[in-house]
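Letter by letter, the chains look like this.
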Amino acid sequence: MESKQKLEALHLQIQDMLAGYVDDELDEREACLVEAHLAGCEACARDVVRQQMLHEKLGAIPHEQMAPAQKSRLDNVLENALQKNGARHAALAALRRRAGHWFRFVEDRWMAAGGWSLAVFLAVIMVFNASWRHPDGGIPMVEDVVAEYQHIAVSPLPNAEPVATAQPPASWPRARVLASWRTRISGKPAQAYAVRSDNKVLLQVKVGEQVFYNNPKVRKAVADAGRYEVLEQGLKVVALPLDHGGLLLVGPPEGMPDAGTMSLKSF
Amino acid sequence: MKRQEKFQRLVRPWQDRLYAVALRRSGNSAVAEDRVQDALLRAWRDFDALADEISVYAWLLKILDHVSADEHRRDQRRQQLAPVISTGEPLLQKHPCAAPGPFEQTLQGQQHEQLLAAVESLPDDFAMVVMLRDIEGLSYRDIAQVLEIPKGTVMSRLSRGRRLLARLLLKQAEPNQMPDCENGALT
Ligand SMILES: [Zn+2]
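This write-up is about the structure you can find in this document. These numbers were taken from a predicted model, which means no experiment stands behind them.

When helices and strands are tallied, chain A shows ten helices and eight strands. Within chain A, buried positions represent 46% of all 267 residues. When contacts within chain A are restricted to residue pairs at least 6 apart in sequence, those whose partners lie at least 24 apart make up 54%. Of the roughly 13600 Å² that chain A leaves accessible, carbon and sulfur atoms contribute 52%.

Structure, rendered in structure tokens:
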């Protein structure tokens, strides 16, 4: 009676090994055990044969191929990615070495906000700017907002305010607020907004009058042309007057919104 | 340039096979195309993470599985019961087509589409191992890597999955439409 129970237990245990026997994935000892059982158990022996047949039959099913149009679409997508990422990959590797564990963080954060191309874009900006030193005679608020832009490129976006209620001073079609937070520019409190525009991220910083009109160059340009613009290490900074204070818009030059499509909010 | 060339040489040859898998899983050629594009872009992004312990195709299938596994399917997968049937189960014992000869004829009578549909109708855990082993020809080691389960689990799921598949096909086969079955098994 006891041996019959043992046999039944073995019969059940071996059923989970039959596939391994069929596929020759058992070690020698296991294979012997299974073989000995199969000699005395027709149910399992038949199962092995059915498994072999199924394996052969399923293996003979032809694999569907992509249609030519699908193939060429895939070719395009990959060719694009491979070319772009070739150059970007080198920049990313350099950044990884520089920024160490920070990078993962940035990548995850920005991947979520704007996708891979955005993360890479920010990374490239960082690499280009990594050796930047404040030039003598620079405008402090400009240096500060450029530094702020670089900071958001390597750290999680601050998000002190619910994005839905954040109202950046400038808006234009296709602009989407990603985050808003308090910061300090030229030692004074200021409100910052990260805005996504197409595949670029722009930074808007609202500063007070004292900070905005502090520099004579800015005062003159605003009086003459209504705005002050400067290119700082690959980033464009545009200073626009608001009712109380001013707006500093920072981002890649090609990502700047058209003056015509942009509307400024008065505060 | 080296990385690109390596990618082209190692990964691109598998794109059609990936598409075939994606098409079988989704049943929709546009969805399959999207998933293959996504999977290959991710593969390119993570290309440096491709390790020696896994074959390129298995690695790609793993990425494809991640691309395809939206929350919905993961939930379904969790909820699905995976029944275990014994080799001694009555249908497998008594069905006139269960014996080796008649079973082979039953299989011959099946269209490829019917077989694939039967595999897809298995509980997902079983469908995946049967698909990866029998249709895609992966080793147990690779399947274990793709599904992130132990090799022993691959073996037991495959044993149970194939048994379930055999029973399903036998259930579908009406003995009266397959006179050959009668001769084979009731002796
Ligand atoms: Zn047995």
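On to the nonpolar core, then. By size, the foremost hydrophobic cluster in this structure holds 80 residues, and its most contacted members are L61 and L165 of chain B. Counting residues per element, this core draws most heavily on helix 4 (residues 56–68) of chain B, at nine residues. Those residues in contact with L61 of chain B that lie beyond four places of it in its chain are L18, V21, L132, L138 and V146 of chain B. Of all hydrophobic cores here, the second largest spans 30 residues; its members include A192, V207, F212 and V250 of chain A.

Looking down a regular strand, the side chains alternate between one sheet face and the other. Residue and element names in this part refer to chain A. Burial analysis of strand 4 (residues 200–207) places seven of its eight residues in the buried class, which makes it a mostly covered element. Between strand 3 (residues 188–197) and strand 4, which pair antiparallel in sequence order, lie two residues; one of them, D198, sits at a positive phi of approximately 50 degrees. As judged from the five bridges shared by strand 4 and strand 7 (residues 246–251), these two strands associate in the antiparallel manner. Bridge pairing links Q204 to L249 in strand 7.

All names here are of chain A. The coordination sphere of the zinc ion, as far as protein atoms go, consists of H11 (ND1), H37 (NE2), C41 (SG) and C44 (SG), spread over 2.0 to 2.3 Å. Relative to the metal, the four donor atoms surrounding the zinc ion lie at angles of 105 to 115 degrees, and the coordination shape comes out tetrahedral. For the zinc ion, all donor residues lie on one chain, and their spacing in sequence is H-x25-H-x3-C-x2-C. You can call C41 buried: its relative accessible area is 12%. The class of C44 is buried, set by a relative accessible area of 0%.

All right, on to the sheet that holds strand 5 (residues 228–232) of chain A then. Residues and elements named next belong to chain A. With antiparallel pairing, the six strands of this open sheet are ordered in space as 2-3-4-7-6-5. Two strands bound the open sheet, and with one partner strand each, they are strand 2 (175–185) and strand 5. Each neighbouring strand pair of the sheet contributes to a mean axis angle of 20 degrees, computed without reference to strand direction.

On the side of chain A, 45 residues touch chain B, which itself brings 57 residues to the contact. Both faces considered, chain B and chain A share a buried interface measuring about 4700 Å² in area, 60% of it formed by carbon and sulfur atoms. When the area that chain B buries against chain A is broken down by residue, the three leading residues are D16, T87 and R162 of chain B, summing to 13%. The interface formed by chain B and chain A holds seven salt bridges in total. The residue D23 of chain A makes a salt bridge to R162 of chain B at a minimum N-O spacing of 3.0 Å. Where chain B meets chain A, there are 29 residue pairs in polar contact (both at pLDDT 80 or more). Of all the secondary-structure elements, those providing two or more residues to the side of chain B that touches chain A are helix 1 (2–10), helix 2 (15–26), helix 3 (29–45), helix 6 (90–94), helix 7 (100–108), helix 8 (112–120), helix 9 (124–135) and helix 11 (151–172) of chain B. Its residues assigned to classes, the side of chain B that touches chain A comprises 26 nonpolar, 15 polar and 16 charged.

This brings us to the packing of aromatic side chains. This structure, assessed with the given rule, holds six aromatic pairs over all chains. Aromatic side chains F212 of chain A and Y213 of chain A sit 4.9 Å apart centroid to centroid with 85 degrees between the ring planes, which places their arrangement in the edge-to-face category. A ring pair is formed by F7 of chain B and W44 of chain B, whose centres lie 5.1 Å apart and whose planes are at 70 degrees; its orientation type is edge-to-face. Within this pair, whereas F7 of chain B is found in helix 1, its partner W44 of chain B is found in helix 3, the two being separated by 37 residues in sequence. Taken individually, F7 of chain B and W44 of chain B each receive the classification buried, so the pair is uniform in this respect.

In this section: the pattern of salt bridges. Scanning all chains against the criterion turns up 22 salt bridges over all chains. For the salt bridge of R133 of chain B with D23 of chain A, the shortest nitrogen-to-oxygen distance reads 3.3 Å. Remark: D23 of chain A occurs in the loop between helix 2 (18–22) and helix 3 (28–40) and R133 of chain B occurs in helix 9; the pair is interchain, linking two chains. For R133 of chain B, a relative accessible area of 12% corresponds to the buried category. Between D224 of chain A and K220 of chain A there is a salt bridge, and its shortest N-O distance comes to 2.7 Å. You can see D224 of chain A and its partner K220 of chain A sitting in helix 10 (residues 216–225), four residues apart, about one turn around the helix. Looking at D224 of chain A, the relative accessible area reads 57%, which means it is exposed. In this structure, a network of salt bridges that share partners links the residues D23 of chain A together with R133, D134 and R162 of chain B.

With respect to the helices and strands, the residue L58 of chain A is situated in helix 4 (residues 42–59). Once residues lying within four places of it in the same chain are set aside, the contact partners of L58 of chain A are L115, V119, V130, D134, I135 and L165 of chain B.

Here we come to the packing of helix 4 of chain B against helix 10 (residues 140–147) of chain B. Residues and elements named next belong to chain B. Relative orientation of the contacting elements helix 4 and helix 10 amounts to 25 degrees, with a least axis distance of 9 Å. Judged by the inter-axis angle, helix 4 sits roughly parallel to helix 10. Once helix 4 is placed against helix 10, the crossing between them reads as right-handed. Side by side, helix 4 and helix 10 meet where A58, L61 and K62 of the first sit next to D142, Q145 and V146 of the second.

What counts, and where the lines are drawn
- Residues numbered from 1 in each chain as written.
- Chains lettered and ligands numbered in written order.
- Predicted model: local features only at pLDDT ≥ 70, side-chain atom pairs only at ≥ 80, totals over all residues.
- Heavy atoms only, no water.
- Helix = DSSP H or I, 4+ residues; strand = E, 2+ residues; numbered from the N terminus.
- Buried < 20%, exposed > 50% of the residue type's maximum accessible area, 1.4 Å probe, protein only.
- Contact = heavy atoms within 4.5 Å.
- Areas by Shrake-Rupley, 256 points an atom, 1.4 Å probe, with all protein chains shown as cover.
- Core = buried A, V, L, I, M, F, W, Y, C linked by side-chain atoms within 4.5 Å.
- Pairing = 2+ DSSP bridges.
- Donors = N, O, S within 2.8 Å, 3.2 Å for Na, K, Ca; no water.
- Tetrahedral: all angles 85-135°; square planar, octahedral: opposite > 155°, others 65-115°.
- Axes fitted to C-alpha atoms, helices over the stretch in contact; angles between N-to-C directions.
- Buried area = accessible area lost by both parts, 1.4 Å probe.
- Salt bridge = Lys/Arg side-chain N within 4 Å of Asp/Glu carboxyl O.
- Polar contact = N/O pair within 3.5 Å; in protein donor to acceptor, adjacent residues only side chain to side chain.
- Nonpolar A, V, L, I, M, F, W, Y, C, P; charged D, E, K, R; others polar.
- Phe/Tyr/Trp six-rings, centres within 6.5 Å; stacked < 30°, edge-to-face > 60°.
- Parallel < 35°, antiparallel > 145°, perpendicular 65-115°, else oblique.
- Left-handed = near helix turned anticlockwise from the far one by under 90°.

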